[in-house]
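Observations on the model geometry
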Amino acid sequence: VGIQDEIVKLFELAIITARDQKAGFQQMLGGIVNMLLGYAYYHEKNYSFEDIAVAKQINEAKIIMRENFKDGIKPEEIASRVNMGYSWFRHIFKTYTGFAPNQYILELKILHGKSLLTNTTLSIKEIAYESGFENQAYFCTIFKKKTGSTPMQYRKATSTPDGTDD
């Protein structure tokens, strides 16, 4: 990942912590190692995109997805709008984000559904349609698969009795 200031600082902190060996130093070193791995992973994933226009195209695609996920936008259309072939777009999008384009859109729909469940009194059917799902049954199935709870269970666990987020 090259020389990154935050990684160098973490290494210096690890050396000082190991040298001083104050109470709890092993846990502190464990946390530092975890941060080092996180920074290394982050920089490695993003380093390959720094010198190419692909990062801009992927970010543009993410914006298009956020603005249009309720409307049933297809990844092929997104690829076309950012001037990429679909196969390349799918590959590079997954490399860049960790999600296939369809999976990313589905995650946006679920996040929107969660927000509506928590902050509104809309029915589950209305939330399903408002979140871009074709029907309530599919929404409930996917929601349970992704969150581990049904929409109704999620609503009860996250919202106040009057439906507001106080």
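To be clear, the structure that these remarks concern was listed above.
First things first, this report covers the structure right here in the doc. (Residues numbered from 1 in each chain as written. Predicted model: local features only at pLDDT ≥ 70, side-chain atom pairs only at ≥ 80, totals over all residues. Heavy atoms only, no water.)

Some thoughts on the layout of surface pockets
Volume-wise, the largest pocket comes out at about 300 Å³. For the largest pocket, the lining is made up of 14 residues, of which Lys74, Asn102, Ile105, Lys109 and Gly132 are closest to its centre. With five residues, the single largest contributor to the lining of the largest pocket is helix H6 (residues 101-119). Classifying every residue of the lining of the largest pocket by side-chain character gives seven nonpolar, four polar and three charged. (1 Å grid on protein atoms, 1.4 Å probe; cavity = no way out; pocket = protein on both sides within 12 Å on 5 of 7 lines; lining within 4 Å. Points joined across faces, edges and corners; volume = space filled by probe spheres on them. Helix = DSSP H or I, 4+ residues; strand = E, 2+ residues; numbered from the N terminus. Nonpolar A, V, L, I, M, F, W, Y, C, P; charged D, E, K, R; others polar.)

Thoughts on the pattern of salt bridges
Under the criterion given, the structure shown has four salt bridges. Taking the shortest distance from any N to any O, the salt bridge between arginine 81 and glutamate 77 comes out at 3.6 Å. One end of the pair is arginine 81 and the other is glutamate 77, both in helix H4 (residues 75-81) and four residues apart, which spans about a single turn. A salt bridge links lysine 146 to glutamate 107; the shortest N-O distance between them is 3.3 Å. (Salt bridge = Lys/Arg side-chain N within 4 Å of Asp/Glu carboxyl O.)

Description of the packing of aromatic side chains
For any pair of aromatic rings, the description rests on two quantities: the centre-to-centre distance and the angle between the ring planes. Summed over all chains, the structure comprises seven aromatic pairs. A ring pair is formed by phenylalanine 99 and tyrosine 104, whose centres lie 6.2 Å apart and whose planes are at 70°; its orientation type is edge-to-face. Take tyrosine 104: its relative accessible area is 13%, and that puts it in the buried class. Ring geometry for phenylalanine 139 versus phenylalanine 143: centroids 5.5 Å apart, planes at 50°, classification tilted. One end of the pair is phenylalanine 139 and the other is phenylalanine 143, both in helix H8 (residues 136-147) and four residues apart, which spans about a single turn. Phenylalanine 143 matches phenylalanine 139 in its accessibility class, with the two residues each being buried. Every member of this aromatic cluster is reached through a ring pair, and the members are Phe133, Tyr138, Phe139, Phe143 and Tyr154. (Phe/Tyr/Trp six-rings, centres within 6.5 Å; stacked < 30°, edge-to-face > 60°. Buried < 20%, exposed > 50% of the residue type's maximum accessible area, 1.4 Å probe, protein only.)

Overview of the environment of alanine 157
Among the structural elements, alanine 157 can be located in helix H9 (residues 151-158). Judged by its relative accessible area of 68%, alanine 157 falls in the exposed class. Alanine 157 sits 40 residues away from leucine 117 along the chain, and the two C-alpha atoms are 10.0 Å apart.

Remarks on H8
Relative to the 16 Å expected for 12 residues at 1.5 Å per residue, H8 spans 16 Å between its end C-alpha atoms, a close match to the ideal helical length. What H8 keeps buried is the set Phe139, Ile142 and Phe143. Looking straight down H8, one finds that the buried residues subtend no more than 105° of arc, so they occupy a single side. In H8, the exposed positions that point more than 90 degrees away from the buried face belong to Ala137, Thr141 and Lys145. For H8, the secondary structure elements touched by its buried residues are H6, helix H7 (124-130) and H9. Two to three positions downstream of the cap, the backbone nitrogen of alanine 137 sits 3.2 Å from a side-chain oxygen, assigning the N-cap of H8 to asparagine 135. Among the residues trailing H8, glycine 148 stands out with phi positive, at a value near 85°. (Expected span 1.5 Å × (residues − 1). Arc of directions from axis to C-beta. Contact = heavy atoms within 4.5 Å. Polar contact = N/O pair within 3.5 Å; in protein donor to acceptor, adjacent residues only side chain to side chain.)

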